[in-house]
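Summary of structural features
Read off the chains here:
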Amino acid sequence: MASPPSSIPLPSLTYFQVHLIFVIPPILLLGYLYGPLFGRRDGIKVGWLMFMATIWTTPWDNWIISHAAWTYPPSSILFKIYHVPVEEHLFFILQPLLVVLVQAVAGVGRGIPFAWRGLPVMEAEGGGGDDKGVGGEAKDEGEGEKDDGPEQENEDEDEDERKKSIPPSLSPTRIRTPPTRTSTSTRLRKTTIQEERIQTLPRRPLAGLFWLGVMTLGGIGLFIPLPILCDIVVHPVTTLTDPRNLGLVARNLKSPLQYQPHPVEDRLFYLSAILIWISPVLALLTALGAKVDLPEDWIAWAVGTGWLWMVDTVAIRAGAWAIDTQGKRTLGWVLWRGLPVEEAVFFAIVSYLLVLSSSLISHLHFLLLLAPPPTGGSVPTPRCPPANPIRHITLLTRLALSPPPIPRQLLVSLESSEATLKAGSKSFSVAKLGWGREMRCGLIAVYGWCRVTDDLIDDDHDEQGEVVSIETKVKVGGSDDEDGGEGEARTLTLKEIGARKQRRLGMMRRFLDLAYDETTARGDFRQLDVFLDTQVPSRAYSAFYLFSRLIVDLVPRRPFDDLLDGYQMDLEFPDKREMLQLTRIGDGVETGDTLWKRISPIQTEADLVLYADRVAGSVADMIIHLTWNVLTSDPVTAGKGWTLSPERQETLGQGRKMGQALQLVNIARDVRSDVEAIGRIYIPMQWFQTRSEGEGKKQIEMLAHRPRDLEGPDAFHAPSYTLRMLRMAEELKSASRDAIADLPYTARAGTRAMVASYFEIGKEVERRGGQVPSLEQGRLRVSKRRRLGAVLWSIWGL
Ligand SMILES: CC(C)=CCC/C(C)=C/CC/C(C)=C/CC/C(C)=C/COP(=O)(O)OP(=O)(O)O
């Protein structure tokens, strides 16, 4: 272990210079990187750790220095407060900042900030009116089935799809039980299982005891000097009865503050002092359940420890401070190049404590989001902890002392929704980097629901974008059928497919009714859970469940209704075959007003903006509500009727415009592929009508019937439409961009990232002169690298 200190001389450094050269620059760099995400939760966490480090360490540090375990050349320091140099006090503050920032940067993509798989499931409680999900009455189910029977029958084909689309590690998102004759009991059982709860912060008494043991060892090392300890091992009786030894130990035990080290040597002094000082805190935190178990925790520990070892080595060798290596107060062992073992232990164990505390605080912040403790009244605890540090810490302490168990399904749903989004939305998976953890979690819930509902309405195409619903075999029946049979394969007619979509839309509206129902708001999820179990297709289950448990308190219903109105507009388009007939204009069909109207519900630019507002302005609305409720102490709640101040109304309006802009970019990109895949033309009919006589008719015919023809006099001329749409998008974007500054600070980077990620598509369309590919030619894609570049650039406001 020991190696001789290197003989290469180092220029001498003062303590402050050590900070300036080695400690402050990495903090500034990490602070710059993480700054846009550094919010209230991080601020209070770091502030708390700095405060605790200062009050816990200052008396100890004074005591150690007064016993000369280390010393400072007078020329190395500015001044002392009692025994401790002011630069040392600065260290108490900088070290937590450094370690927490490394952990935050290393874990920036992390969703759930603790490992939970493998934790035991608590026993499901039965009965009760609150969030137990058990005992859904047969009556409720019967009613649900009566209303929605046909939908359920047709949804069974979804089960196979679900299995394909969800990564095996995350399956099952919904726990299925084998089909039985008595479907009611099956469903009740399913509901029971889904409410299994997990204590994510189980107490760790053994770990606590371990650290108490270490503390005891520290005590022994401190109060019984090493020479006496060695004598005890060799001659226990004589040593333990020697009055001189007993006198020294007894005196120190009696008045620890007047502690007298062994006059000649006390080589265990510094090491024991470290252990006795830090172990009680570690014992308390680990007993409460704190754990260092995620990769980023270990990265932060390793980087923090390694860096500070390096800094310490350099500082000692440059004479900024000196550790007693003569064997009076230390073991005199050197780990490497002049770093005493005690210093190595000190930095390793302090970094460990910091990582442990920091991950515990993140854990508590997350519990506050998923399961806020009741306030006593009917008002739920805000999901954003208070800005006032005392109230903030008090709330976290309350949670640490009685951590709420979390429904297992909530954690499963969060992970599976994130995985679905990762596979389904390129823009989102890159843009989410700009958001802090709690917001990202809300976004996954909101965005996941929008995504799966959109898929349920639009599932005319499969993963590869191939049309599957026209003239295709759709299996009806399956494992959930009453008779448990496999069901017969048969072809659904277009009419049936249309009717199925309408039923799904109806199902979504009924879901919103139940989710925002007063009973649910009071925490009684029974009716809702029966609905989830019986009416929601399996592949959509996680997203609906997540919505019901997380979103209802954070986002009002209105934007979701808007979204469904947008879907309704989608359903007003003719089906593909009809569209192809209607657009066979050249075959002698006259394009009277009614014909244009039958081709698309989007007749004018205003209709297009209305559509974009419903399907994407609404998403902006949801996100903005999330930011207010997750990131500020001034939440917008159901209790206050979701009322907004005029300033917030203005921001919301601007935000919706931004959503519209992003949707227009999306539509521009997909003008050809939408026609091929789902038979829809989102270009306002007016744009065709106002072209020269015959030209508009020809253009729409070309688009509908030969979307793959990119060039030639008879090809659809996409740029005249796509570039026009992009201009509209650009105008909306410029009008609303400044409003991003009115969002909460830590929402700005994420919003900019979203905008940048989606607008990269627009830039690509423009770069191609407005020409967009058809489905067969491959969807226009922006490489992940380019998106990432745009997102990172926008996050730092560059
Ligand atoms: C300006 C202010 C105050 C706020 C802005 C508020 C925000 C974040 C607006 C953005 C809202 C948003 C993300 C709308 C969705 C737009 C859209 C085109 C969605 C299509 O998404 P996907 O289908 O997932 O796209 P890809 O699959 O192509 O990635």
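Being a predicted model, the structure only gives us computed values, none of them experimental. (Residues numbered from 1 in each chain as written. Predicted model: local features only at pLDDT ≥ 70, side-chain atom pairs only at ≥ 80, totals over all residues. Heavy atoms only, no water.)

**Quick notes on the UniProt feature "transmembrane region" (unreviewed entry) in the protein chain**
The sites that UniProt annotates as "transmembrane region" (unreviewed entry) are residues 12-34, 46-70, 90-109, 206-228, 268-288 and 344-370. Helix makes up 84% of residues 46-70 and strand 4%, with an end-to-end C-alpha separation of 27 Å. (UniProt positions renumbered as here; feature names shortened; annotations may be inferred. Helix = DSSP H or I, 4+ residues; strand = E, 2+ residues; numbered from the N terminus.)

**Observations regarding the site of the ligand**
Near the ligand, the surroundings consist of 24 residues, among which Ser425, Ser427, Arg451, Arg669 and Tyr758 are the closest. Separating an oxygen atom of the ligand from a side-chain N or O atom of Arg451 is a distance of 2.8 Å. Arg669 places a side-chain nitrogen or oxygen 3.3 Å from an oxygen atom of the ligand. Protein contacts shield 93% of the accessible area of the ligand, which totals 750 Å² for the unbound molecule. When contributions to the shell around the ligand are tallied by element, the ones reaching two or more residues are helix H16 (426-431), helix H17 (437-458), helix H25 (605-631), helix H26 (646-669) and helix H31 (745-767). Residue classes in the shell around the ligand are distributed as twelve nonpolar, nine polar and three charged. (Near = heavy atom within 4 Å. Polar contact = N/O pair within 3.5 Å; in protein donor to acceptor, adjacent residues only side chain to side chain. Areas by Shrake-Rupley, 256 points an atom, 1.4 Å probe, with all protein chains shown as cover. Nonpolar A, V, L, I, M, F, W, Y, C, P; charged D, E, K, R; others polar.)

**Things to note about helix H11 (residues 269-288)**
When the terminal C-alpha atoms of H11 are compared, their 29 Å separation across 20 residues agrees well with the 28 Å that a helix rising 1.5 Å per residue should span. At Ser279, H11 shows its largest bend, some 35°, and a proline, Pro280, comes one to four positions later. The element H11 is largely enclosed, with a buried count of 15 among its 20 residues. Two residues or fewer past H11, Gly289 is found with a positive phi of approximately 120°. (Expected span 1.5 Å × (residues − 1). Bend = angle between axes of the 7 residues up to and from the residue. Buried < 20%, exposed > 50% of the residue type's maximum accessible area, 1.4 Å probe, protein only.)

**What to know about the nonpolar core**
Residues Trp321, Leu370, Phe511, Phe544, Ile681, Ile683 and Phe688 are the most contacted members of the largest nonpolar core, which totals 204 residues. The element best represented in this core is helix H13 (residues 341-370), accounting for 17 residues. Leaving out residues up to four positions away in the same chain, Phe688 has contacts with Trp596, Ile681, Ile683, Gly696, Gln699, Ile700, Leu703, Phe716 and Tyr721. Counting five residues, the second-largest nonpolar core is a separate cluster that includes Leu226, Leu229, Leu268 and Leu331. (Core = buried A, V, L, I, M, F, W, Y, C linked by side-chain atoms within 4.5 Å. Contact = heavy atoms within 4.5 Å.)

**Side note on the sheet that holds strand S4 (residues 121-122)**
Whether parallel or antiparallel, the strands of a sheet pair through hydrogen bonds between backbone atoms. With respect to topology, three strands assemble into an open sheet ordered S4-S5-S9, the strand pairing being antiparallel. In the strand order of this sheet, the two ends are held by S4 and strand S9 (406-407), each with one partner. Looking at chain direction, strand S5 (residues 197-198) and S9 are connected through two bridges and run antiparallel. Its bridge partner lying in S9, Arg197 is registered against Pro407. (Pairing = 2+ DSSP bridges.)

**Considerations on the domain arrangement of the protein chain**
The domain architecture assigned to the protein chain consists of domain 1 (15-116 + 202-226 + 269-366), domain 2 (134-199 + 405-554) and domain 3 (557-798). At the junction of the two partners, domain 2 supplies 41 residues and domain 3 supplies 42 residues. The largest per-residue losses of area from domain 2 upon contact with domain 3 belong to Val430, Trp435 and Leu554, which jointly make up 16% of the total buried on that side. Here domain 2 and domain 3 share two salt bridges between them. Between Arg557 and Asp513 there is a salt bridge; the shortest N-O distance is 2.8 Å. Of all elements in the fold, only H16, H17, helix H18 (494-515) and helix H21 (541-551) reach the threshold of two or more residues within the side of domain 2 that touches domain 3. Ranked by the residues each element gives to the side of domain 2 that touches domain 3, the list is headed by H17, at twelve residues. Residues that form the side of domain 2 that touches domain 3 fall into these classes: 23 nonpolar, eight polar and ten charged. (Domains from an automatic or database assignment. Buried area = accessible area lost by both parts, 1.4 Å probe. Salt bridge = Lys/Arg side-chain N within 4 Å of Asp/Glu carboxyl O.)

**Considering the pattern of salt bridges**
A full pass over the atoms with the stated rule returns 30 salt bridges. For Glu296, the salt bridge is made with Arg110, and the minimal N-O distance between the two is 2.8 Å. Taken together, the positions of Glu296 in helix H12 (residues 295-317) and Arg110 in the loop between helix H3 (86-106) and S4 put the pair 186 residues apart, joining distant regions of the chain.

**Thoughts on helix H15 (residues 408-424)**
With 17 residues, H15 ought to run about 24 Å at 1.5 Å a step, and its terminal C-alpha atoms sit 24 Å apart, in line with that. Buried residues of H15: Gln409, Leu410, Leu411, Val412, Ser413, Leu414, Ser416, Ser417, Glu418, Ala419 and Leu421, and no others.

**Quick notes on the packing of aromatic side chains**
Each aromatic ring pair is specified by the distance between its two centres and by the angle formed by the two planes. According to the stated counting rule, one finds 33 aromatic pairs in the structure shown. Here the aromatic rings of Tyr541 and Tyr545 are separated by 6.2 Å at their centres, their planes lie at 25°, and the arrangement is stacked. With Tyr541 and Tyr545 both in helix H21 and four residues apart, this pair spans about one turn of that helix. One exposure class covers both Tyr541 and Tyr545, and it is buried. Chaining the aromatic ring pairs together yields one cluster made of Tyr15, Trp60, Trp70, Tyr72, Phe91, Tyr270, Trp277, Trp321, Phe346 and Phe347. Just above the ring of Phe269 sits the side chain of Arg329; from NZ or CZ to the centre is 5.9 Å. (Phe/Tyr/Trp six-rings, centres within 6.5 Å; stacked < 30°, edge-to-face > 60°. Lys NZ or Arg CZ within 6 Å of the ring centre and 35° of its normal.)

**As for the side chain of Ser425**
Topologically, Ser425 is positioned in the loop between H15 and H16. The class for Ser425 is buried, based on a relative accessible area of 5%. A polar side-chain atom of Ser425 sits 3.2 Å from the main-chain amide nitrogen of Phe428. Excluding its chain neighbours within four sequence positions, the residues that come into contact with Ser425 are Tyr447, Arg451 and Tyr758.

**Brief notes about unusual backbone geometry**
In this structure, Tyr82 is a non-glycine residue whose phi angle is positive, near 60°. When its relative accessible area of 68% is taken as the criterion, Tyr82 is described as exposed. The phi dihedral of Arg337 is positive, around 40°, even though this residue is not glycine. Inspection of the secondary structure assignment puts Arg337 in the loop between strand S7 (334-336) and strand S8 (339-340). Judged by relative accessible area, Arg337 falls into the partly exposed class, the value being 36%.

**Concerning the packing of H17 against H21**
One way to put it is that H17 packs onto H21 with a least axis distance of 9 Å and a crossing angle of 140°. Our classification of the angle between H17 and H21 gives oblique. Viewed along their axes, H17 and H21 form a crossing whose handedness is left-handed. Counting all contacts with H17, which are made through Cys441, Gly442, Ile444, Ala445, Val446, Gly448, Trp449, Val452, Thr453 and Leu456, the residues of H21 involved are Ala543, Phe544, Leu546, Phe547, Leu550 and Ile551. (Axes fitted to C-alpha atoms, helices over the stretch in contact; angles between N-to-C directions. Parallel < 35°, antiparallel > 145°, perpendicular 65-115°, else oblique. Left-handed = near helix turned anticlockwise from the far one by under 90°.)

**Looking at a nonpolar patch on the surface**
On the surface, Phe16, Leu20, Ile21, Leu78, Phe79, Ile81 and Tyr82 cluster together into a nonpolar patch covering about 760 Å² of accessible area. Element by element, the count of residues in the nonpolar patch is highest for helix H1 (residues 15-34), at three residues. Checked against the element boundaries, Leu20 lands in helix H1. (Patch = residues over 30% accessible without salt bridge, like charges linked within 9 Å, V, L, I, M, F, W, Y side chains within 5 Å.)

**Topic: the environment of Leu512**
Tracing the chain through its elements places Leu512 in helix H18. By relative accessible area, which is 0% here, Leu512 ends up buried. Through-space distance from the C-alpha of Leu512 to that of Val552 is 9.2 Å; in sequence the pair is 40 residues apart.

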